[in-house]
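# Examining the three-dimensional arrangement
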Amino acid sequence: MTDGATLASLIRSRAGDEPVRLGLILGSGLGYIAHQVDGTAIPYADLPGFPHVGVSGHNPNLHIGRLEGVRVAVFGAREHYYESGNPRAMLLPLQVLKELGADDLILTNAAGSLRSDIPPGNVMLLSDHINYSGLNPLIGEKTDARFVPMTDAHDPSLRAALRAAAQAQGVDLPEGVYCWYSGPSFETPAEIRMLKLLGGDAVGMSTVPEVILARFLGLKVAAISTITNMAAGMSDEKISHEHTKAMAPLGAAKLERILREFLRNRR
Ligand code: HPA
């Protein structure tokens, strides 16, 4: 098994030695943003141990270079738990990110909304999450480092910077609680009613294991959802992966403006 340090030197040999400042993981329908990075794209297939991503609408390349003048590592795709039943699938990519010098990580995803005031086409900043899957990527870790505190897991300073970036761009960025359901089947209307009672604002099939892994590795992390649909039972629209991919670009344009402004402020 390749370790993060070995992979990081392989990546540096192709993309240059300059340290990376920030990592970005792109969700369903958002992978195109990676192509805007001015630098080097490395297929995951060239990076031993990297996930085999089989979800359509994802871009399985690691893009290292500059976005708005900031040296970034953009992961064009993630492996979801539902692909192989491995909640640790993104551990190695995040170890590599850390080895490349990053302190901060921004996660993005496509999600269903539980809030009628946050309809499709909007973006939502995660204030917190509910790990409704009951799974944990740190199960099996052997040291006390596994007891990761999750208070303020969604970093207050990164969130403030993202809120400020959204405001400067005139993009509405409500904050809410994201619930992780394993997928790949979508939720039932009864499950969505339950998640609302539990305090959820959005639901999706990713991100939470990566937040846990990022905190484990000492990366600061924040996450933004693009809302692609109202959750099951909340509207007449039919929920499907095709629909997710078709709707993601609506929120993606807003997401991109927020991210670019956020990066410009970090030059
Ligand atoms: N549920 C779970 N994951 C999702 C949804 C949803 O409604 N929409 C996009 N990803």
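In this report, the structure presented in the accompanying data block is examined.

### Some remarks on the overall build of the protein chain
Per the secondary structure count, the protein chain includes 7 helices and 9 strands. Scaling as 2.2 N^0.38, a compact globule of 267 residues should have a C-alpha radius of gyration of about 18 Å, and the protein chain matches this with 17 Å. For the protein chain, the spread of C-alpha atoms along the three principal axes comes to 50 × 45 × 35 Å. Burial statistics for the protein chain: of 267 residues in total, 54% are counted as buried. Counted over contacts in the protein chain with a minimum sequence separation of 6, partners at least 24 positions apart contribute 83%.

### Some details on the site of the ligand
In the region of the ligand, the neighbouring residues are Ala110, Ala111, Gly112, Phe186, Glu187, Val203, Gly204, Met205, Thr228, Asn229 and Thr244. The contact in question runs from a nitrogen atom of the ligand to an N or O atom on the side chain of Glu187, over 2.8 Å. Of all the elements in the fold, those that place two or more residues in the shell around the ligand are strand E5 (104–113), strand E8 (202–204) and strand E9 (220–230). Looking at the shell around the ligand, the element that brings in the most residues is E5, giving 3 residues.

### Re the nonpolar core
Most often, soluble globular proteins keep nonpolar side chains buried together rather than apart. Formed by 47 residues in total, the largest nonpolar core has its most connected members in Ile11, Phe50, Leu62, Ile64, Phe75, Leu97 and Leu105. Setting aside residues no more than four positions away along its own chain, Phe50 makes contact with Leu7, Tyr44, Leu62, Phe75, Leu92, Pro93 and Val96. Ala34, Leu158, Ala165 and Val171 belong to the second-largest nonpolar core, a separate cluster that totals 28 residues.

### What about unusual backbone geometry?
The omega angle of the peptide bond from Gly183 to Pro184 is 0°, so this bond is cis rather than trans. Position of Pro184 relative to the elements: it lies in the loop between strand E7 (175–180) and helix H5 (189–197). Despite not being glycine, Thr207 has its phi angle at roughly 70°, a positive value. Structurally, Thr207 is set in the loop between E8 and helix H6 (208–217).

### Quick notes on the packing of aromatic side chains
Within this structure, the stated rule accounts for 4 aromatic pairs. Residues Tyr81 and Trp180 carry aromatic rings whose centres are separated by 6.3 Å and whose planes lie at 90° to one another, so their mutual orientation is edge-to-face. Taken as a pair, Tyr81 in helix H2 (residues 81–84) and Trp180 in strand E7 lie far apart in primary sequence, 99 residues in all. A relative accessible area of 0% places Trp180 in the buried class.

### Section: the pairing of strand E1 (residues 22–25)
With burial as the criterion, each face of E1 is covered, one bearing Leu22 and Leu24 and the other bearing Gly23 and Ile25. As defined by bridge partners, E1 adjoins strand E4 (residues 70–75) across 4 bridges and the pair is classed as parallel. The residue of E4 that forms the bridge with Leu24 is Val74. For E1 and E5, the ladder comprises 4 bridges, and the chain directions are parallel. In the strand pairing of E5, Ile25 is matched with Leu107.

### Concerning helix H4 (residues 156–168)
Across its 13 residues, H4 extends 18 Å between first and last C-alpha, which sits within 8% of the 18 Å expected from 1.5 Å per residue. What H4 keeps buried is the set Leu158, Arg159, Leu162, Ala165 and Ala166. Relative to the axis of H4, the buried residues are bounded by an arc of 125° and lie together on one face. Exposed and facing more than 90 degrees away from the buried side of H4 are Gln167 and Ala168. Next to the buried residues of H4 lie E5, strand E6 (123–130), E7, E9 and helix H7 (241–264).

What counts, and at which threshold
Residues numbered from 1 in each chain as written. Predicted model: local features only at pLDDT ≥ 70, side-chain atom pairs only at ≥ 80, totals over all residues. Heavy atoms only, no water. Helix = DSSP H or I, 4+ residues; strand = E, 2+ residues; numbered from the N terminus. Rg over C-alpha atoms; globule rule 2.2 N^0.38 Å. Buried < 20%, exposed > 50% of the residue type's maximum accessible area, 1.4 Å probe, protein only. Contact = heavy atoms within 4.5 Å. Near = heavy atom within 4 Å. Polar contact = N/O pair within 3.5 Å; in protein donor to acceptor, adjacent residues only side chain to side chain. Core = buried A, V, L, I, M, F, W, Y, C linked by side-chain atoms within 4.5 Å. Phe/Tyr/Trp six-rings, centres within 6.5 Å; stacked < 30°, edge-to-face > 60°. Pairing = 2+ DSSP bridges. Expected span 1.5 Å × (residues − 1). Arc of directions from axis to C-beta.

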